[in-house]
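# Summary of structural features
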Amino acid sequence: MKLTFLIVIAVPFMVSGCATKGYVSRQLDQVSCKVDVLEAKSASLAERVNSLESRLATLENQVSQAQLANKAMLDDATARADGSAQRAEAAATIATQAAERAEKMFELEQKK
């Protein structure tokens, strides 16, 4: 009796849990199709990332070259400004000396 009862209970559990080869094949086909789509998208994204990395490297190189060119132009402009400032100071010194001489001449003319 116990054995019969055990068989009656165990058989439905064993039968209901089995999957057929066709069912498994259909499920795997769906999963395989989804995996193929995801692999294609992944490859496409990897290609785009590589392209963007290449463009980024090119842009970084261009920015670096532009910064060097700007620094060179700034250094040149600074050097010319320094030269102009020195010439202006020299001109101011000469003008001061000329003004002092003119003042002395004026004082001498006034004393006569």
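That block above? That's the structure.
Moving on, we come to the overall build of the protein chain. Across its full length, the protein chain carries two helices and zero strands. Here the protein chain, with 112 residues, has 1% of them falling under the buried criterion.

Let us now look at the pattern of salt bridges. One pass over the structure, following the stated rule, counts two salt bridges. Note that K71 and D75 form a salt bridge whose closest N and O atoms lie 3.2 Å from each other. Taken as a pair, K71 and D75 lie in helix α2 (residues 21–111) at a separation of four residues, close to a single helical turn.

A separate point is a nonpolar patch on the surface. A cluster of nonpolar side chains, Y23, V24 and L28, forms an exposed patch at the surface whose accessible area comes to about 280 Å². Of note, L28 is situated in helix α2.

Rules behind the numbers
Residues numbered from 1 in each chain as written. Predicted model: local features only at pLDDT ≥ 70, side-chain atom pairs only at ≥ 80, totals over all residues. Heavy atoms only, no water. Helix = DSSP H or I, 4+ residues; strand = E, 2+ residues; numbered from the N terminus. Buried < 20%, exposed > 50% of the residue type's maximum accessible area, 1.4 Å probe, protein only. Salt bridge = Lys/Arg side-chain N within 4 Å of Asp/Glu carboxyl O. Patch = residues over 30% accessible without salt bridge, like charges linked within 9 Å, V, L, I, M, F, W, Y side chains within 5 Å. Areas by Shrake-Rupley, 256 points an atom, 1.4 Å probe, with all protein chains shown as cover.

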